[in-house]
Amino acid sequence: MDIPVIKIFDTTLRDGEQTPGVCLEVDEKLEIAQALAKLRVDVIEAGFPIASPGDFAAVSQVAAKIKGGPAIAGLARAGQKDIDAAVNALKQAERPRIHTFIATSDIHMEYKLKMSREQVLARAEEAVRYARKFVEDVEFSAEDASRSDWDFLCQIYTAVIDAGASTINVPDTVGYTSPSEFGALIKYIRDHVPNIHRAAISVHCHDDLGMSVANSLAAIENGATQVECAMNGLGERAGNASLEEIVMALHTRKEFYKAETRIDTTQIYRTSRLVSTLAGISVPPNKAVVGENAFAHESGIHQHGVLNNSLTYEIMRPETVGISRNAIVLGKHSGRHAFEDRLKELGFELDSDTVNMLFVRFKELADRKKMVFDRDIEALVNEKVSLKPEWYRLSYHHVVSGNQMLATATVRLETSNGVVEHASCGDGPVDAMFKAIEAAVGFKVSLQDYTIKAVTSGEDALGEAIVWVECDDRSFSGRGLSTDVIEASAKAYVGAINKMLAVCGVPETSNETGIR
Ligand SMILES: CC(=O)SCCNC(=O)CCNC(=O)[C@H](O)C(C)(C)COP(=O)(O)OP(=O)(O)OC[C@H]1O[C@@H](n2cnc3c(N)ncnc32)[C@H](O)[C@@H]1OP(=O)(O)O
Ligand SMILES: CC(C)C(=O)C(=O)O
Ligand SMILES: [Mg+2]
């Protein structure tokens, strides 16, 4: 018997970007799209083209650059303007998909759309028919399907399939359903939509009650053949169903679900790290599949079992998701071959200029650290990805602090006009550093959030700082990496300021015009 292949529709770049505080730039979206193509997802939802010029540009770039693999989807409300924007953004896609949607629950229709059932039905049909004039692959979503009247849902799905939709999506928009209820809904749709054999059934689950993955799997058990999900479970509110969890559930329990995906599971971990770095959202250590502890064993009885046979306490092998267990330790005496080899093992295919640049950074790091771990290397590579044109570059810093003195920081920033240097006092070394940087750039910076964590363990661990700053109601993140946490913090702050200036422009009070 042939095992059905479940399509993975990745929405990291669309619903994932709706994670509060996340704002990906065009080149960052492209970098993630390339990783998703390597992961072999079936569809990349690249954005919502009418939403902003940046989203339009990102969908266009992804459509132009990602070839020979996934279909590229653009989201559109059920209206001609939105569909026209999606059509234009997807012009260069090899396999464009228009994803149009309208809400079908009574609460959404009455209070949000202010439309009757008849109007929503007519609008959905019109939108699908209009989209089909431009592309063959049209997906229709009934937003808030899980809180909609089941017979109305079946009526609208029948109508949109007749109008040309090749995929009908059943979203649990607010994460309200439960596995048995959602499974029954999918079965009901299969039994009550007469033309359902002409369309694929997709599901799109949110995690408000922590059941998005369980609900998606229940839908698969009842005949859904596409799941919409996001890397690291990013998405609106509590997020979408996590791609890595759905894929690894199907992979690990293939004999139970009797379904598989086309995903190259060895790319999962690398993609997860890239998304976490570029989105500025850390992965919790206890996160399934990609968390730091997902394959770590703390207690003696478990360690004993794992040493005898790892399957005693591991249902998946770390290598299957791309986490290397390599015993070769890289350090200051390691050479280029070992370094290049490790990059390849970690799934990075980089040109020789990039490898050369990274090797220099690796040696600098190895001078400051006894051992360089895989996660240090991933951090170096992902930092390379997020390098942006800079207005300001940190060239020197000095901090004095103690428990009975006022912390004082001095910074020197390079700009196109030369250097600018300032000193400030603060409530602790990081505050003093941030104040010195603010004085150096010459304008007030609105700090939203600041986190620091160790990338690896040990006293010489690489520290990763993430800083969020705000301007014109938009948030910008910066990331800094160093064995010195104050330096990591300063780099992250300057990085966030650079990103902010690229979008909001340089305030008049600025000391310098900056470097570009
Ligand atoms: C469940 C989801 O995740 S849906 C996707 C959600 N994502 C986003 O909203 C991110 C991008 N959104 C945006 O940038 C903006 O909301 C835009 C550009 C889409 C629209 O902006 P605005 O025109 O300023 O409208 P605003 O967002 O305030 O309100 C939404 C409008 O769309 C209408 N609308 C909402 N969903 C739909 C739909 N599926 N089909 C047709 N109209 C819809 C609402 O009724 C409202 O109409 P009104 O302006 O006539 O009252
Ligand atoms: C646009 C739709 C599919 C959506 O994101 C939702 O309903 O959650
Ligand atoms: Mg959603």
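Only a predicted model underlies this, so the values are computations on that prediction, with no experimental measurement involved. Once a new chain begins, its residue numbering starts again from 1 and follows that chain's sequence as written. In the order they appear in the text, chains get letters beginning with A and ligands get numbers beginning with 1. Where local features are concerned, this predicted model is filtered to residues with pLDDT of at least 70; where side-chain atom pairs are given and counted, the filter is 80 or more; whole-chain, interface and lining totals use all residues. Where side-chain values are given, they derive from all heavy atoms of the structure, hydrogens and water being excluded.

## Focus on the domain arrangement of the protein
What counts here: Boundary definitions for the domains trace back to an automatic or database domain assignment. In this analysis, two residues are considered to be in contact whenever any of their non-hydrogen atoms come within 4.5 Å of each other. By buried area we mean the combined loss of accessible area, with a 1.4 Å probe, across both parts when two parts are placed together. The term salt bridge refers to a side-chain nitrogen of Lys or Arg lying within 4 Å of a carboxyl oxygen of Asp or Glu. Counted as a polar contact is a pair of N or O atoms within 3.5 Å, where, for protein atoms, one must be capable of donating a hydrogen and the other of accepting one, and residues adjacent in sequence contribute only when both atoms are in side chains. When residue character is reported, Ala, Val, Leu, Ile, Met, Phe, Trp, Tyr, Cys and Pro are called nonpolar, Asp, Glu, Lys and Arg charged, and the others, Gly included, polar.
We note that the domain assignment places domain 1 (10-259) and domain 2 (393-504) within the protein. Every contact between the two is made by five residues of domain 1 and, on the other side, four residues of domain 2. Note on domain 1 versus domain 2: buried area summed over both sides is about 370 Å², and carbon and sulfur give 47% of it. Our count for the domain 1 to domain 2 interface comes out at one salt bridge. Among the salt bridges present, the one from E28 reaches K499, with a minimum N-O distance of 3.1 Å. Our count for the domain 1 to domain 2 interface comes out at one residue pair in polar contact (both at pLDDT 80 or more). Across the side of domain 1 that touches domain 2, the residue classes break down as two nonpolar, one polar and two charged.

## Structural notes on the sheet that holds strand β11 (residues 418-426)
Counted only if it meets this: Here, strands pair whenever DSSP counts at least two bridges between them. Counting from the N terminus, the helices are the DSSP runs of H or I reaching at least four residues and the strands are the DSSP runs of E reaching at least two. Note on geometry: axes are C-alpha line fits, over the in-contact stretch for helices, and angles between N-to-C directions span 0 to 180 degrees.
If you walk across this open sheet you meet the three strands as β9-β10-β11, and the pairing is antiparallel. Strand pairing shows two members of the sheet lacking a second neighbour, β9 (393-400) and β11, which therefore form its edges. Across the sheet, the axes of successive neighbouring strands diverge by a mean angle of 15 degrees, strand direction being ignored. Here nine bridges tie strand β10 (residues 407-415) to β11, and the two strands are oriented antiparallel to one another. Across the sheet, T408 pairs through a bridge with C425, a residue of β11. Where helix α16 (residues 429-441) meets the sheet, its contacts fall on β9, β10 and β11, and the angle it forms with β11 comes to roughly 140 degrees. Of the strands in this sheet, β9 and β10 are in contact with helix α17 (residues 485-504), which crosses β9 at around 140 degrees.

## So, the pairing of strand β8 (residues 226-229)
Selection criterion: Relative accessibility thresholds used throughout: buried, under 20% of the residue-type maximum; exposed, over 50%; partly exposed, between the two (1.4 Å probe, protein chains only). When the strands point away from the viewer and the connection leading from the first strand across the helix to the second strand turns clockwise, the crossover is called right-handed.
Alternating positions in β8 separate into two faces, Q226 and E228 on one and V227 and C229 on the other, with burial throughout. Bridging between strand β1 (residues 7-10) and β8 involves four bridges; their strand directions are parallel. The residue of β8 that forms the bridge with D10 is C229. The pairing of strand β7 (residues 200-205) with β8 spans three bridges and is parallel. Along β8, the bridge assignment pairs V203 with V227. In this region the chain leaves β7, passes through helix α8 (residues 212-221) and returns to the parallel neighbour β8; the handedness of that crossover is right-handed.

## Some remarks on the packing of α16 against α17
Our working definition: With the far helix as reference, a near helix turned anticlockwise by less than a right angle produces a left-handed crossing, and one turned clockwise produces a right-handed crossing.
Remark: α16 packs on α17, axes separated minimally by 10 Å, with the N-to-C direction vectors making an angle of 35 degrees. Helix-helix and strand crossings are classified by hand; for α16 and α17 the assignment is right-handed. Counting all contacts with α16, which are made through P429, V430, M433, F434, I437 and E438, the residues of α17 involved are I486, S489, A490, Y493, V494 and I497. Here the residues of the contact of α16 with α17 sort into 10 nonpolar, one polar and one charged.

## Some details on the coordination of the magnesium ion (ligand 3)
Applicable threshold: Sites may look incomplete because water is not among the atoms; the donors themselves are N, O and S atoms within 2.8 Å of the metal, or within 3.2 Å for Na, K and Ca.
The magnesium ion (ligand 3) binds to the protein through D15 (OD), H204 (NE2) and H206 (NE2), with metal-donor distances spanning 1.9 to 2.2 Å. Counting gaps between the donor residues of the magnesium ion (ligand 3) yields the pattern D-x188-H-x1-H. Of the two residues, D15 sits in the loop between β1 and α1 (26-39) while H206 sits in the loop between β7 and α8, which places them 191 residues apart along the sequence. Neither residue differs from the other here; D15 and H206 are each classed as buried.

## Quick look at the site of ligand 2
Convention followed: Here a residue is considered near a molecule or strand provided that any single heavy atom belonging to it is located within 4 Å of it. Here, Shrake-Rupley sampling with a 1.4 Å probe gives the accessible areas, and only protein chains in the shown set may cover a residue.
For ligand 2, the full set of nearby residues is R14, D15, H99, S141, E143, N169, P171, T173, H204 and H206. Here H204 contributes a side-chain N or O atom positioned 3.1 Å from an oxygen atom of ligand 2. A distance of 3.1 Å separates an oxygen atom of ligand 2 from a polar side-chain atom of H206. Protein chains bury 94% of the 260 Å² of accessible surface belonging to ligand 2 in isolation. Among the residues making up the shell around ligand 2, the classes are represented as one nonpolar, six polar and three charged.

## Quick notes on the UniProt feature "domain: Pyruvate carboxyltransferase" (unreviewed entry) in the protein
We count it as follows: UniProt positions are given in the numbering used here, feature names are shortened, and annotations may be inferred rather than shown by experiment.
Per the UniProt record, "domain: Pyruvate carboxyltransferase" (unreviewed entry) is annotated on residues 6-269. For residues 6-269, the helix share is 44%, the strand share is 18%, and the end-to-end C-alpha distance is 20 Å.

## Details of the nonpolar core
Rules: To form a nonpolar core, buried Ala, Val, Leu, Ile, Met, Phe, Trp, Tyr and Cys residues must be joined to one another through side-chain atoms within 4.5 Å.
Core analysis: the largest hydrophobic core is formed by 97 residues, its most contacted members being I44, F140, Y157, V170, I189 and I268. When residues of this core are assigned to their parent elements, the largest contribution, nine residues, is made by helix α6 (residues 150-163). Ignoring sequence-local partners within four residues, the contact set of Y157 consists of F140, A142, A145, I168, N169, V170, P171, I189 and V193. Counting residues in each nonpolar core, the second largest holds 33 residues, with M433, F434, A440 and V445 among its members.

## Notes on the confidence of the model for the protein
Worth spelling out the cut-off: pLDDT measures how confident the predictor is about each residue, on a scale from 0 to 100.
Looking at the protein, pLDDT values average 91 and 95% of them are 70 or higher. Two summary scores accompany this predicted model of the complex, namely pTM at 0.79 and ipTM at 0.98.

## Comments concerning the UniProt feature "binding site: Mn(2+)" (unreviewed entry) in the protein
Listed under "binding site: Mn(2+)" (unreviewed entry) in the UniProt record, and renumbered for this structure, are D15, H204, H206 and N240. With the annotated positions falling across 226 residues, the maximum pairwise C-alpha distance of 10.2 Å places them together in a single cluster. If near-sequence neighbours (up to four positions away) are discounted, H206 is found in contact with D15, D172, T173, G175, S212, E236, R237, G239 and N240. A distance of 3.2 Å separates the side chain of H206 from the side chain of D15, its partner in a polar contact. Structurally, N240 can be placed in the loop between β8 and α9 (243-252). Taking the relative accessible area as the measure of exposure, N240 reaches 2% and is therefore buried. Residues in contact with N240, not counting those within four places in the same chain, are T11, D15, G16, H204, C205, H206, S212, A230, G233, L234 and G235.

## Some thoughts on the packing of aromatic side chains
For any two aromatic rings, the description comes down to two numbers: the centre-to-centre distance and the angle of the planes. This is how the line gets drawn: Put simply, two rings from Phe, Tyr or Trp (the six-membered ring, in Trp's case) pair if the centres are within 6.5 Å, and we call them stacked under 30 degrees between planes, edge-to-face over 60, tilted for the rest. A ring has a charge above it when a Lys NZ or an Arg CZ is no more than 6 Å from the ring centre and no more than 35 degrees off the ring normal.
Following the criterion strictly, the structure yields 10 aromatic pairs and no others. Measuring from centroid to centroid gives 5.1 Å for Y130 and F134, while their planes differ by 75 degrees, and the two rings are edge-to-face. Judged by its relative accessible area of 14%, Y130 falls in the buried class. Taking 4.7 Å as the distance between ring centres and 25 degrees as the angle between the ring planes, the aromatic pair formed by F339 and F362 counts as stacked. Separated by 23 residues along the polypeptide, F339 in helix α13 (residues 336-345) and F362 in helix α14 (residues 352-368) bring together distant segments of the chain. The exposure class assigned to F339 is buried, which follows from its relative accessible area of 1%. One aromatic cluster is present, built from ring pairs that chain together F339, F359 and F362. Note that R412 overlies the ring of Y396, its terminal NZ or CZ placed 4.7 Å from the centroid.

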